[in-house]
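Chain by chain, the residues run as shown.
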Amino acid sequence: MHELDTEYYEIEPSASTRELLAVAKLYAREVAESYGLSVDVSALEWEVSKRAKRRAGAVRHRNGEPETVLLTWEQFQRQGWRATAETVRHELIHVHLLNEADDPSHGERFRSLAEDLQTTVHCERFAEPNWWVVCAECGGKLARYRRSKLVMEPSSYRCGGCGGALFVEENVG
Ligand SMILES: [Zn+2]
Ligand SMILES: [Zn+2]
């Protein structure tokens, strides 16, 4: 295992989104190699979001397959390369755990890898859920990533907040 050199990839916030993506992908390859992660960098789509404000990054996935790594332009502009690099490491752990364990969570496995890779455990909200379970009374929403019993039979459950009836919305797009 060779030492990961994040500074080597340093790029100034005056760079373009294309330059940032190019560097992020090179860096991601080195991260995956250094830590033995199941990540095929070129098989993933990479995007920089200029709209995202609160989320540092995300992995979009479909049926448990990671598809797109999203980075946030705002974070790079405000906090620079080191912060974006930390986000890249965070998102790569998600890709790895989706590939290896069908696990999109920030659970035990995630925490242990986050420590190794020196990155944060929490992201604002991970990826786009496949379903929203919505309360008809209070409008409360739960993000759901898997076809669980709650998703299949929402009428068997009640809202944890107000006891109202639940229904499911598929999250397309
Ligand atoms: Zn996350
Ligand atoms: Zn409710």
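Counting restarts for each chain: residues are numbered from 1 in the order of the written sequence. Chain letters start at A and ligand numbers start at 1, both assigned in the order the entries are written. At least 70 in pLDDT is required for a residue's local features to be given in this predicted model, at least 80 for side-chain atom pairs to be given and counted, and no such filter applies to totals for whole chains, interfaces and linings, which use all residues.

Peer 1: Just checking my understanding: could you explain the overall build of the protein for this structure?
Peer 2: Working definition: helices are DSSP H or I runs of at least four residues, strands are E runs of at least two. Numbering for both runs from the N terminus. Helix and strand counts for the protein stand at 4 helices and 6 strands. Counting helices and strands in the order they occur from the N terminus, the protein gives α-β-β-β-α-α-β-β-α-β. Considered along the principal axes of its C-alpha atoms, the protein spans approximately 55 × 30 × 25 Å. Two residues form a contact once the distance between their C-beta atoms, set from the backbone, is within 7 Å. When contacts within the protein are restricted to residue pairs at least 6 apart in sequence, long-range pairs at least 24 apart make up 52% of them.

Peer 1: What is the right way to read the nonpolar core from this model?
Peer 2: Any nonpolar core is a set of buried residues, restricted to Ala, Val, Leu, Ile, Met, Phe, Trp, Tyr and Cys, that join up through C-beta atoms within 7 Å. Labels follow a simple rule on C-beta atoms placed from the backbone: if 20 or more others lie within 10 Å of a residue's own, it is buried; if 12 or fewer, it is exposed; otherwise it is partly exposed. Ranked by internal contacts, the top residues of the largest apolar core, which has 26 residues, are Ala28, Val88 and Leu92. Elements supplying a minimum of two residues to this core: α1 (17–35), β2 (57–62), β3 (65–72), α2 (73–101) and α3 (108–116). If one sorts the elements of this core by residue count, α2 sits on top with 9 residues. Sequence-distant contacts of valine 88, that is, excluding residues within four places in its chain, are made with Ala24, Tyr27, Ala28 and Val31.

Peer 1: What's the story with the sheet that holds β2 in this structure? I'm lost.
Peer 2: Backbone-to-backbone hydrogen bonds pair the strands of a sheet. The strands run either parallel or antiparallel. Two strands form a pair only when DSSP identifies at least two bridges running between them. Sheet architecture is open: 3 strands sit in the order β1-β3-β2, paired in mixed fashion. Edge positions in the sheet fall to β1 (45–49) and β2, since each of these pairs with one other strand and no more. Along the sheet, successive strands turn relative to each other by an average axial angle of 25°, direction set aside. In terms of strand pairing, β1 meets β3 through 5 bridges, oriented parallel. Note on definitions: angles span 0 to 180 degrees between N-to-C directions of axes, and those axes are lines fitted to C-alpha atoms, for helices only across the stretch in contact.

Peer 1: I keep staring at the environment of tyrosine 145 and nothing clicks. Help me out?
Peer 2: For tyrosine 145, the position within the fold is in the loop between β5 (141–144) and α4 (149–152). Given 20 C-beta atoms within a 10 Å radius, tyrosine 145 is considered buried. Put simply, tyrosine 145 and asparagine 63 are 82 residues apart on the chain and 8.7 Å apart in space, counted from C-alpha to C-alpha. If we skip the residues at most four places from it in the chain, tyrosine 145 touches Pro104, Pro129 and Asn130.

Peer 1: Is there a simple way to explain the sheet that holds strand β4 (residues 131–135) in this structure?
Peer 2: Read from one edge of the open sheet, 3 strands run β5-β4-β6, paired in antiparallel fashion. In the strand order of this sheet, the two ends are held by β5 and β6 (166–170), each with one partner. The average angle at which neighbouring strand axes cross in this sheet is 25°, direction not considered. The sheet contact formed by β4 and β6 spans 5 bridges and is antiparallel. Within β6, the residue paired with valine 134 across the bridge is phenylalanine 167.

Peer 1: Could you clarify how one ought to interpret the pairing of β4 in this entry?
Peer 2: Where a strand is regular, its side chains alternate between the two sheet faces. Residues Trp131, Val133 and Cys135 point to one face of β4 and are all buried, whereas Trp132 and Val134, pointing to the other face, are not buried. In terms of strand pairing, β4 meets β5 through 4 bridges, oriented antiparallel. Looking at β5, one finds that tryptophan 132 is bridged to alanine 143. In textbook terms, the turn of a hairpin is the stretch between consecutive antiparallel strands, and for β4 and β5 this stretch comprises 5 residues, one of which, glycine 139, has a positive phi near 80°.

Peer 1: Got a minute to help me understand the domain arrangement of the protein in this structure?
Peer 2: Domain boundaries in the protein define domain 1 (7–116) and domain 2 (131–170). Segment limits for the domains were obtained from an automatic or database-derived domain assignment. Measuring from the centre of the C-alpha atoms in domain 1 to the corresponding centre in domain 2 gives 30 Å.

Peer 1: I would appreciate a short explanation of α1 in the present structure.
Peer 2: Expected span, for any helix, means 1.5 Å times one less than how many residues it has. A rise of 1.5 Å per residue sets the reference length of α1, with its 19 residues, at 27 Å; its end C-alpha atoms lie 26 Å apart and thus fit the reference within 8%. Residues Leu20, Ala24, Tyr27, Ala28 and Val31 constitute the buried set of α1. Viewed along the axis of α1, the buried residues span an arc of 115°, placing them on a single side of the element. The exposed set on the far side of α1, more than 90 degrees from its buried face, consists of Arg18 and Glu19. What the arc covers is the set of directions going from the helix axis to the C-beta atoms.

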